[in-house]
Amino acid sequence: MPKFTEIQQQIAERISPDTLISHWRDWRWQARHRIRDIDTFEKLLGIQFGDEERQTLEKTIEKFPLSITPYYLSLIDRSDFRNDPVYKQAFPSPAELNVSRADMADPLHEDADAPAPGLTHRYPDRVLFHVSNVCSMYCRHCTRKRKVGDVDSIPDREQIAAGIEYIRNTPAVRDVLLSGGDPFLLDDAQLDWILSELTAIEHVEILRIGTRTPVVLPYRITDDLVTMLKKHQPLWINTHFNHPREITAASRAALAKLADAGFPLGNQSVLLAGVNDCPRIMKRLVHKLVANRVRPYYLYQCDLSEGLSHFRTPVGKGLEIVESLIGHTTGFAVPTYVIDAPGGGGKIPVMPNYVLSWATDRVVLRNYEGVITAYQEPDSYPAIDCDRNCAECTLTLKTEDAPEQDPVGITKLLDSYDETIALVPEGTERLGRRNGESD
Ligand SMILES: *Cc1c(COP(=O)(O)O)cnc(C)c1O
């Protein structure tokens, strides 16, 4: 029989003297008792802010609302809460009101790249589908802060049906990523409906769900949910742990249920100043993740969304962390560090340099220890000069299994069949002169 920890017991009693452990472990009870105001926060944790600080905090949550599950609240170390990584992710900072020069409401142009409301089609073969605007905890670093708590942007059934219709009519989409909000805040029946509609579409090969419930509401991962999800394979699940302290007995149990059911699990962290901008913390985090069968997938540079400037680190911090991981630890424990390009360019991977120099027959490389080495390239290589005539190619791919796609971007320049010799941005002055335009 599970028991309360000491702090959980205190919080539970302060919420209501009759709270049982079975209530606490019921995700609907947790969702119903979310902390939405500063008074309750103070009361439950037994701390108090000064008058002046309270006023700015009130102003902050007017703009960016507050919501914390009692479970996530119980992870805060009250003796040093101002430095606590859980506190910093959950509780507002007046710094959120500082709008910096670079801030934007929708830096990733998710709404601009939407062919149907709530559906972003940015890459050739996959879409991001916002099926929920609801979260149990409002992450202070949310990249979609513009939508947090905004009841007007909650997708209704009609809107979701329109998104499904777009996917059905777009054969290029083979991968659908459900996001939000948190898709696991939908009830089982509604999620079941969406997943059933999507798996029935022949060209949809895989589904993915991005959820933070294993971190902030682990009791959401119920046996019923898992049984329902299992009907919709192949389904990949990505979660969002940012700090090793978030991996608790309850979150481990949630992850184990998902892994035992056969879902490949990944994790997307955001690099956050004052939370996890430290190579030792990140190494501890990725070790704990792989020990729980979760593969670190991405480490995000913090976006340029409004109200996040105090969370941003220089890109060099991310590179320092990646440098401290590659080679130093398990290869599959190393996430890909990415910057999501402002303006909708998508995720751009960023890595330290490992190629130091190059001659026609040699590549000079360095490893994680600083060893510099030369790789001798082959004396002869029967280069395949591709003319796209796969039927006569000596590589025996059954082409009917691999639909042809036209090269995109840099792959145009690498493709011997494509005649593109340069990719040139639009509207440069040089091109203006060439076309005889003045000014
Ligand atoms: C991140 C993202 C995806 C998925 O990208 P992967 O690199 O395949 O994980 C798809 N669409 C949008 C708009 C995204 O932001």
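Residues numbered from 1 in each chain as written. Predicted model: local features only at pLDDT ≥ 70, side-chain atom pairs only at ≥ 80, totals over all residues. Heavy atoms only, no water.

## Points about the pattern of salt bridges
When the charged atoms of two side chains lie near each other, side chains of opposite charge can form a pair.
Right, so step 1: For the structure shown, the criterion picks out 24 salt bridges.
Right, so step 2: A salt bridge links E96 to R140; its shortest N-O distance comes to 2.8 Å. A residue pair is termed long-range when its members are at least 10 positions apart, and E96 in the loop between α7 (85-90) and β1 (119-123) and R140 in the loop between β2 (126-130) and α8 (157-168) qualify at 44 residues. As far as the burial class goes, E96 and R140 line up, both buried.
Right, so step 3: Note that D223 is salt-bridged to K257, the shortest N-O span being 3.1 Å. In this pair, D223 is assigned in helix α11 (residues 223-229) and K257 in helix α12 (residues 249-260), connecting sequence segments 34 residues apart.
Right, so step 4: Judged by relative accessible area, which is 30%, K257 ranks as partly exposed.
Right, so step 5: Each of D39, E42, R54 and E58 takes part in a single network of salt bridges with overlapping partners. (Salt bridge = Lys/Arg side-chain N within 4 Å of Asp/Glu carboxyl O. Helix = DSSP H or I, 4+ residues; strand = E, 2+ residues; numbered from the N terminus. Buried < 20%, exposed > 50% of the residue type's maximum accessible area, 1.4 Å probe, protein only.)

## A closer look at helix α4 (residues 38-45)
Right, so step 1: I38, F41, E42, L44 and L45 are the residues of α4 that are buried.
Right, so step 2: On its buried face, α4 sits against α1 (6-15), α5 (51-63), α6 (70-73) and α7.
Right, so step 3: One side-chain oxygen of the residue at the start of α4 lies 3.2 Å from the amide nitrogen of D39, identifying that residue as D37.
Right, so step 4: Directly beyond the C-terminal end of α4, a positive phi value near 70 degrees is found at G46. (Contact = heavy atoms within 4.5 Å. Polar contact = N/O pair within 3.5 Å; in protein donor to acceptor, adjacent residues only side chain to side chain.)

## Quick word on the environment of H33
Right, so step 1: By the secondary structure assignment, H33 is in the loop between α3 (27-32) and α4.
Right, so step 2: Residue H33 is classed as partly exposed on the basis of its relative accessible area of 26%.
Right, so step 3: Remark: the alpha-carbon pair of H33 and L66, spanning 33 residues in sequence, is separated by 13 Å.
Right, so step 4: For H33, the contacting residues outside a window of four places in its chain are I15 and P70.

## Considering the domain arrangement of the chain
Right, so step 1: When its domains are assigned, the chain resolves into domain 1 (6-93), domain 2 (119-349), domain 3 (353-381) and domain 4 (390-434).
Right, so step 2: Here domain 1 and domain 3 have C-alpha centroids that lie 54 Å from each other. (Domains from an automatic or database assignment.)

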